[in-house]
Amino acid sequence: MNSAPARQQQEQALDDVSSTLLIPLAARAFGDAMFPAQAVHDAYAAAALQRLKIGVSHFLDDPASVYGVLSRTRVFCELAHGFFDRYPRALGVNLGCGLAWYFQWLDRRSNRWLDADVPRVMALRKRLLPAGGKRLGHADVDLRRPGWWRQLDLPRRRDGSPVLLICEGLLMYLEAEEVQCLLHEFGEHAPAGSELLCDTLCWLAAGRAAMHPSVRHTHAQFRWGLRRMAELTEPHPRLVLLSEHAVMDAYDFSSSLSYPTFRALYGVPLYGIIRLGVSG
Ligand SMILES: C[S@@+](CC[C@H](N)C(=O)[O-])C[C@H]1O[C@@H](n2cnc3c(N)ncnc32)[C@H](O)[C@@H]1O
């Protein structure tokens, strides 16, 4: 399953950064059996992998990452449900969606959802995943390019209906200026009450993807890591930090000490989830 031709096939279909989508896909397909208490019951991931015919066993040899994906998926879902409790008809957007299918967990029968990624990934998505219903849309986007908010035709009236954005496993692959621009665009255009949920790695990870037991297989590089919490709100005066959520703290004894200690010492999470909002 993990053969050289299979890897070659993967490399042809996806570039370095896009091939990182295989890490969460493998975790959601096979991770439930490894960590039943963190199970996400993904109904699509295993079938997508089967159609893709790509070996992923090397990703499953990295249990911490498998756990991290399941744990973060559950946190994103919980936060998103909190948002849709308040705004049941709102639009949710998965920026850099890869082959994740969040609407299976977040469909409230009245809300809408948009999955967006680079064209190559969206084409793969079309081939591997079902199209979904009327309330589920798809779009090509390059989030490094300013203007993505308009390109995705997201609501621009500041007094309009709030929007939920998920940005999962994405920001660490962008340059610092691109992250600032992305956050600026959210702050500039999003209706008041909108939220952006993202995961962040700390600055020490930048340039060190080769040391990551899963990401090293993809040859992608971590370009940006959080050094100060203020970096998340400085890009626009409307941005507010709403909350911060642990992902790895309950993984094992060592994580239960190292992650909170790192946060206390350095003032940013080593890895965690951030919930940003926009004021009126
Ligand atoms: C680690 S994967 C995460 C996929 C998905 N969010 C998940 O958790 O399953 C990173 C994703 O970000 C996407 N991505 C990276 N750079 C992007 C960009 N400039 N514009 C849009 N998507 C991008 C990749 O194509 C890939 O699907």
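Now for a quick tour of the structure. (Residues numbered from 1 in each chain as written. Predicted model: local features only at pLDDT ≥ 70, side-chain atom pairs only at ≥ 80, totals over all residues. Heavy atoms only, no water.)

**Observations concerning the overall build of the protein chain**
Per the secondary structure count, the protein chain includes 10 helices and seven strands. Scaling as 2.2 N^0.38, a compact globule of 280 residues should have a C-alpha radius of gyration of about 19 Å, and the protein chain matches this with 18 Å. Taken over 280 residues, the protein chain has a buried fraction of 54%. Across the protein chain, the fraction of contacts at a sequence separation of at least 24, relative to all contacts at a separation of at least 6, is 73%. Within the structure as shown, the protein chain displays about 12500 Å² of accessible surface, and the carbon and sulfur contribution to it stands at 53%. Separation of charge centres in the protein chain, based on 31 positive and 29 negative side chains, amounts to 5 Å. (Helix = DSSP H or I, 4+ residues; strand = E, 2+ residues; numbered from the N terminus. Rg over C-alpha atoms; globule rule 2.2 N^0.38 Å. Buried < 20%, exposed > 50% of the residue type's maximum accessible area, 1.4 Å probe, protein only. Contact = heavy atoms within 4.5 Å. Areas by Shrake-Rupley, 256 points an atom, 1.4 Å probe, with all protein chains shown as cover. Lys, Arg positive; Asp, Glu negative; His and termini not counted. Charge placed at Lys NZ, Arg CZ, Asp CG, Glu CD.)

**Things to note about the site of the ligand**
Within the structure, the ligand sits among 21 residues, and R28, G96, D117, D142 and E168 are positioned closest to it. The backbone of G98 places a nitrogen or oxygen atom 3.5 Å from an oxygen atom of the ligand. Isolated, the ligand exposes 590 Å² of accessible area, and the fraction of that covered by the protein chains is 96%. (Near = heavy atom within 4 Å. Polar contact = N/O pair within 3.5 Å; in protein donor to acceptor, adjacent residues only side chain to side chain.)

**Comments concerning unusual backbone geometry**
In most cases, non-glycine residues show a negative phi, while peptide bonds are predominantly trans. Notably, H41 is not glycine yet its phi reads approximately 50°, a positive angle. Positionally, H41 belongs in the loop between helix 2 (22-34) and helix 3 (45-52). With phi around 70°, H219 is a residue other than glycine that occupies positive phi space. Structurally, H219 is set in the loop between strand 5 (195-201) and strand 6 (239-246). You can call H219 exposed: its relative accessible area is 55%.

**Considering the nonpolar core**
Ranked by internal contacts, the top residues of the largest apolar core, which has 58 residues, are L52, Y102, L106 and W113. Of all elements in the fold, only helix 2, helix 3, helix 5 (63-86), helix 6 (103-106), helix 7 (119-128), strand 4 (163-167), strand 5 and strand 7 (271-278) reach the threshold of two or more residues within this core. A total of 11 residues in this core trace back to one element, the largest contributor, which is helix 5. Formed by 37 residues, the second largest nonpolar core is a distinct cluster that contains V93, L114, L154 and L170. (Core = buried A, V, L, I, M, F, W, Y, C linked by side-chain atoms within 4.5 Å.)

**A short note on the sheet that holds strand 7**
Read from one edge of the open sheet, seven strands run 3-2-1-4-5-7-6, paired in mixed fashion. A strand with exactly one partner marks an edge of an open sheet, and here the two such strands are strand 3 (136-140) and strand 6. Each adjacent strand pair in this sheet contributes to an overall mean axis angle of 20°, direction not counted. Pairing between strand 1 (residues 91-95) and strand 4: five bridges, direction parallel. Within strand 4, the residue paired with G92 across the bridge is L164. Across the sheet, helix 7 is in contact with strand 2 (112-117) and strand 3; its angle to strand 2 comes to roughly 125°. Of the strands in this sheet, strand 4, strand 5, strand 6 and strand 7 touch helix 9 (residues 176-189), which is tilted by about 35° from strand 7. (Pairing = 2+ DSSP bridges. Axes fitted to C-alpha atoms, helices over the stretch in contact; angles between N-to-C directions.)

**Comments concerning the side chain of R275**
Here R275 shows up in strand 7. A polar contact of 2.9 Å, which involves the side chain of R275, links it to the side chain of E195.

**Digging into the packing of helix 3 against helix 7**
At a minimum axis separation of 10 Å, helix 3 and helix 7 run at an interaxial angle of 105°. Regarding the angle of helix 3 to helix 7, the classification is roughly perpendicular. In contact with A48, R51 and L52 of helix 3, helix 7 contributes L124, R127 and L128. Partitioning the contact of helix 3 with helix 7 into residue classes produces four nonpolar, no polar and two charged. (Parallel < 35°, antiparallel > 145°, perpendicular 65-115°, else oblique. Nonpolar A, V, L, I, M, F, W, Y, C, P; charged D, E, K, R; others polar.)

**A short note on the packing of aromatic side chains**
On inspection of all chains with the given rule, the structure shows 15 aromatic pairs. The interplanar angle of 80° and the centroid separation of 5.6 Å between the aromatic rings of F83 and F84 together place this pair among those described as edge-to-face. In terms of burial, F83 and F84 fall into one category: buried. A ring pair is formed by F262 and Y266, whose centres lie 4.6 Å apart and whose planes are at 40°; its orientation type is tilted. (Phe/Tyr/Trp six-rings, centres within 6.5 Å; stacked < 30°, edge-to-face > 60°.)

**Thoughts on the pairing of strand 3**
Strand direction decides the pairing type here: strand 2 and strand 3, joined by five bridges, are parallel. When the bridges of strand 3 are listed, D115 appears paired with H138. For the handedness criterion, the β-α-β arrangement of strand 2, helix 7 and strand 3 is classed as right-handed. (Right-handed = clockwise from strand over helix to strand, strands pointing away.)

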